[in-house]
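# Architecture and fold: a report
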Amino acid sequence: MLLAGAAALGTGLLPWPAFEELAGRTVPVLGFVVAMSLVTELVDDAGLFRAVTDRLAALGRGRVLLLWFLVIALACVSTVFLSLDTTAVLVTPVVVLLAVHARIPPLPFALTTIWLANTASLLLPVSNLTNLLAQSRLGLSPAAFASLVWAPALVGVLLPLALLWLAFRKQLRGSYGPQPAHQVRDRVLLYASAGVMLVLLPALVSGVPVYLPAGAAAAVLLTLFLWRRRSSLRWSMVPWRPLMLTIGLFMVVEALHANGLARVLGGVAGSGDSLPALLQLAGLGVGASNAVNNLPAYLALEPVGGSPVRLAALLIGVNLGPLVTPWASLATLLWHERLRALNVEIRWGGFALAGLAAVVLTVPAAVVALWLVSGMH
């Protein structure tokens, strides 16, 4: 994909001024993605996520339903503040292993994690790369962004959870025994990582450009690991393949826009802030995400967003909608990789049917919530 983007630039399909404008907008976003990838990898290596799940197991008091609620809280906090990919990569294995060790069926915990990784990713700019791009286009602070989308974001959490409880309520009954705690390899690294995260999370919503606190946190953690555990540092901590794919997608979609894509999509995306128009745009986002992937779907449809409310409706479609096909979001693919490594089997037919039911109920309800709240302004 990067080669296709370079070819578009080299042949003039992507004009140089359009490329410069694209770079100015996306380089800070990509810098944030790299910095947060390093932060989450290093924090995980320090044992923070395992320490948190040990604490969850203790707080669950042997009750499976209470443990599920605690897993929900962990997945939501991780997604909202650290992004959906972090939840897919780091929260999935720890909560699934927690379920396996507690002799609880892992599927409810696994499905809860990936559904929330997608549907809880609407509230803050840092929750999803699509949100960061929308924030850049709208010029909103994190607080203003959250005030625009809080109502559909709430729907995106509560409705899928209600469906999951209905589907798995029998498995979520009962109790589990005491769980063995993980051994802490280096308490200095663990406590320092926890301290970095306590400072980073509020900094990400302070209104400062997010790549600055993320870059500072990555620098602090890299310094700590150089001092305490140099062997953990490796080039593979940087997500090279997804990064190259994303850069290529940015360039290819921008080249398509330079050659009339927005005019073509404008005919099917509708216009205006009425409820039918918002439902139409969100539905188009859902379809495009599940057909291709949510990032190119957002990039392709962003120019037809027009107003903040329309752009929020598009985000509902591309953030809450990718629950049907495995390739609809990178987070789902990463989640499946982690499950396969843990020998947890997922049947894609059942996954798609359950996801379709969730999307059909959740996306229209979230759009209605957005429409109602936007009408109050």
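Residues numbered from 1 in each chain as written. Predicted model: local features only at pLDDT ≥ 70, side-chain atom pairs only at ≥ 80, totals over all residues. Heavy atoms only, no water.

A few words now on the overall build of the chain. Helix and strand counts for the chain come out as 17 helices and 0 strands. On C-alpha atoms alone, the chain measures out to a radius of gyration of 21 Å, which is about the 21 Å that the 2.2 N^0.38 rule sets for 377 residues. Across its three principal axes, the chain shows a C-alpha extent of roughly 60 × 50 × 40 Å. Put simply, the chain has 377 residues, and 52% of those count as buried. In the chain, the share of contacts with a sequence separation of at least 24, taken over all contacts with a separation of at least 6, comes to 79%. Carbon and sulfur atoms make up 68% of the accessible area of the chain, which amounts to about 16,600 Å² in all. (Helix = DSSP H or I, 4+ residues; strand = E, 2+ residues; numbered from the N terminus. Rg over C-alpha atoms; globule rule 2.2 N^0.38 Å. Buried < 20%, exposed > 50% of the residue type's maximum accessible area, 1.4 Å probe, protein only. Contact = heavy atoms within 4.5 Å. Areas by Shrake-Rupley, 256 points an atom, 1.4 Å probe, with all protein chains shown as cover.)

A full pass over the atoms with the stated rule returns 4 aromatic pairs. Note on W16 and F19: the rings are 5.2 Å apart at their centroids and 45 degrees apart in plane angle, and the pair reads as tilted. One end of the pair is W16 and the other is F19, both in helix α2 (residues 16–45) and 3 residues apart, which spans about a single turn. Pairing W348 with F351 gives two aromatic rings, centres 5.0 Å apart and planes at 80 degrees, and the pair type is edge-to-face. Placement of both W348 and F351 in helix α17 (residues 348–374) is noted, with a separation of 3 residues, approximately one turn of the helix. Owing to a relative accessible area of 27%, W348 belongs among the partly exposed residues under this scheme. For F351, a relative accessible area of 6% puts it in the buried group. Directly above the aromatic system of W227 lies the positively charged group of R228, at a separation of 4.9 Å from the ring centroid. (Phe/Tyr/Trp six-rings, centres within 6.5 Å; stacked < 30°, edge-to-face > 60°. Lys NZ or Arg CZ within 6 Å of the ring centre and 35° of its normal.)

Take the nonpolar core next. Of all hydrophobic cores here, the largest spans 129 residues; its most connected members are I114 and Y298. Beyond its immediate sequence surroundings of up to four residues, I114 is in contact with A88, A331, T332, W335 and F351. (Core = buried A, V, L, I, M, F, W, Y, C linked by side-chain atoms within 4.5 Å.)

To continue, consider the packing of α2 against helix α11 (residues 240–258). Geometry of a packed helix pair, given as the angle between the helix axes and the separation of the axes. Where α2 contacts α11, the axes come no closer than 11 Å and their chain directions differ by 155 degrees. Relative to α11, the element α2 is oriented roughly antiparallel. Crossing of α2 against α11: the hand is right-handed. Along its contact with α2, which presents A18, F19, L22, T26, L30 and V34, the element α11 presents L243, T246, I247, F250, M251 and E254. Classifying every residue of the contact of α2 with α11 by side-chain character gives 9 nonpolar, 2 polar and 1 charged. (Axes fitted to C-alpha atoms, helices over the stretch in contact; angles between N-to-C directions. Parallel < 35°, antiparallel > 145°, perpendicular 65-115°, else oblique. Left-handed = near helix turned anticlockwise from the far one by under 90°. Nonpolar A, V, L, I, M, F, W, Y, C, P; charged D, E, K, R; others polar.)

Secondary-structure assignment places T79 in helix α4 (residues 64–82). Engagement of the side chain of T79 in a polar contact is seen with the backbone oxygen of A75, the distance being 2.8 Å. In this view, T79 contacts L84, T87, L116, A117, A120, S121 and S127; residues no more than four positions away in its chain are not counted. (Polar contact = N/O pair within 3.5 Å; in protein donor to acceptor, adjacent residues only side chain to side chain.)

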